[in-house]
Amino acid sequence: IGTPLSSLMAWVELLKSKAETRDMVKEMEKDIARLETITDRFSKIGSKPALEEKDIVELVVEATNYLKSRLPDKVQFEILDGKSPITVPVSTVLLNWVIENICKNAVDAMKGEGLIKIKIEEELTRVNIHINDSGKGIEPGLINSIFKPGVTSKKRGWGLGLSLAKRIIEDYHKGRIFVKSSVEGEGTTFCISLPKQS
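Attention here is on the structure that accompanies the text.

With that settled, consider unusual backbone geometry. The backbone of Lys-111 shows a phi angle near 55°, a positive value even though the residue is not glycine. Within the fold, Lys-111 resides in the loop between helix H4 (92–109) and strand E4 (114–122). For Lys-174, which is not a glycine, the phi torsion comes out positive at approximately 55°. Checked against the element boundaries, Lys-174 lands in the loop between helix H6 (161–172) and strand E6 (176–183). Classification of Lys-174 by relative accessible area gives exposed; the value is 56%.

Now the structure itself:
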C-alpha cells in the first residue's frame, strides 16, 4: 500500500499547481490521509497499541465529520455529551475505526436515510459511548452472536467488522462493547464502555 500511496501524493502535489483542481485536491488529500490511517490500523492489529489520553468527545466529532462528507445526505448525526473534554486512554486510530464501523453498519440498516445519535456518558470509572440508529433493528436470533466472526445480516461482506471491533475494545482497551437494545423496525443502540484508566 505504501508505494501507490507515495505515488498518489506526488500526483496530488502536481494537481495543486492548477487553480481549477484545488477543491478536488483538498478532497483527494483527505482520502490519501485516510488510506494512511488504514495502513496504520493494519500495522497495529496484532501488536499491542500504545494508549494515549484523548478527549473522547473530540474523537467522536472527528470520526463523524469524516463520515458525513462520504455518506448520503439523508443520513444525519446528532452528538450528545455531558461536558468536554472527557479524557480516556485510547488508541485513536483503532477506536476511530470501531466508531466508523458501527456507524457504517447503522447507515446500511437505515438504507442510507435516517438519524444516528451518539451519546457520551461519563461515569466515575468509565465512559460510555451509545450509538443509536433509526434502522431496521437486528433480528432477535442474531443479537447474541452478532460479534462472532462470519455473522452478518448484510447480503455482502464477511461479517468480520463487529468481531474485530470487539477485539479492539475488549483486548486492547479492556472495555466492553455490546448491543444495548434493538427493536425490529425501530433501530439499534450499541454501547462502547471504556475504562478511564488503563
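Once you've had a look at it, read on.
For H6, built from twelve residues, the straight-helix expectation of 16 Å at 1.5 Å per residue is met to within 8% by its first-to-last C-alpha distance of 16 Å. Listing the buried residues of H6 in full gives Leu-162, Ser-163, Ala-165, Ile-168, Ile-169 and Tyr-172.

Another point: the sheet that holds strand E2 (residues 75–81). Reading across from one edge, E2-E4-E5-E7-E6 is the order of the five strands in this open sheet, with mixed pairing throughout. The open sheet has two free edges, formed respectively by E2 and E6, since each of these has just one partner strand. Taken over all neighbouring pairs, the strand axes of this sheet differ in orientation by 15° on average, direction set aside. Here E6 pairs with strand E7 (residues 187–195) via seven bridges, running antiparallel. Following the sheet pairing, Val-179 is matched in E7 by Phe-190. Against the sheet, helix H3 (residues 56–68) touches E2, E4, strand E5 (126–133) and E7, its axis set at about 175° to E2.

Turning to the packing of H3 against H4, a few remarks are in order. Packing of H3 against H4 brings their axes to within 10 Å, and their N-to-C directions diverge by 50°. In terms of orientation, H3 lies oblique with respect to H4. For H3 against H4, the interelement crossing comes out right-handed. The residues of H4 that touch H3, namely those facing Ile-56, Leu-59, Val-60, Ala-63 and Leu-67, are Thr-92, Leu-95, Asn-96, Ile-99, Glu-100, Cys-103 and Lys-104. Taken together, the residues of the contact of H3 with H4 break down into eight nonpolar, two polar and two charged.

Moving on, we get to the packing of aromatic side chains. In this structure the tally under the stated criterion is one aromatic pair. Here the aromatic rings of Phe-147 and Phe-190 are separated by 6.1 Å at their centres, their planes lie at 90°, and the arrangement is edge-to-face. Taken together, the positions of Phe-147 in the loop between helix H5 (140–143) and H6 and Phe-190 in strand E7 put the pair 43 residues apart, joining distant regions of the chain. The same class applies to Phe-147 and to Phe-190, which are both buried. Its end group placed over the ring of Phe-147, Lys-166 keeps NZ or CZ at 5.6 Å from the ring centre.

Burial within E5 is extensive, with six of its eight residues counted as buried. Two elements, E4 and E5, share seven bridges in a ladder whose sense is antiparallel. Bridging from a neighbouring strand, Glu-122 pairs with Val-127 of E5. Counted between consecutive antiparallel strands, the loop separating E4 from E5 contains three residues. Of the strand pairs in this sheet, E5 and E7 are connected by seven bridges, and their pairing is antiparallel. Bridge assignment links Asn-128 to a residue of E7, and that residue is Ser-193.

Here is what the cut-offs are and how they apply
- Residues numbered from 1 in each chain as written.
- Predicted model: local features only at pLDDT ≥ 70, side-chain atom pairs only at ≥ 80, totals over all residues.
- Heavy atoms only, no water.
- Helix = DSSP H or I, 4+ residues; strand = E, 2+ residues; numbered from the N terminus.
- Buried < 20%, exposed > 50% of the residue type's maximum accessible area, 1.4 Å probe, protein only.
- Expected span 1.5 Å × (residues − 1).
- Pairing = 2+ DSSP bridges.
- Axes fitted to C-alpha atoms, helices over the stretch in contact; angles between N-to-C directions.
- Contact = heavy atoms within 4.5 Å.
- Parallel < 35°, antiparallel > 145°, perpendicular 65-115°, else oblique.
- Left-handed = near helix turned anticlockwise from the far one by under 90°.
- Nonpolar A, V, L, I, M, F, W, Y, C, P; charged D, E, K, R; others polar.
- Phe/Tyr/Trp six-rings, centres within 6.5 Å; stacked < 30°, edge-to-face > 60°.
- Lys NZ or Arg CZ within 6 Å of the ring centre and 35° of its normal.

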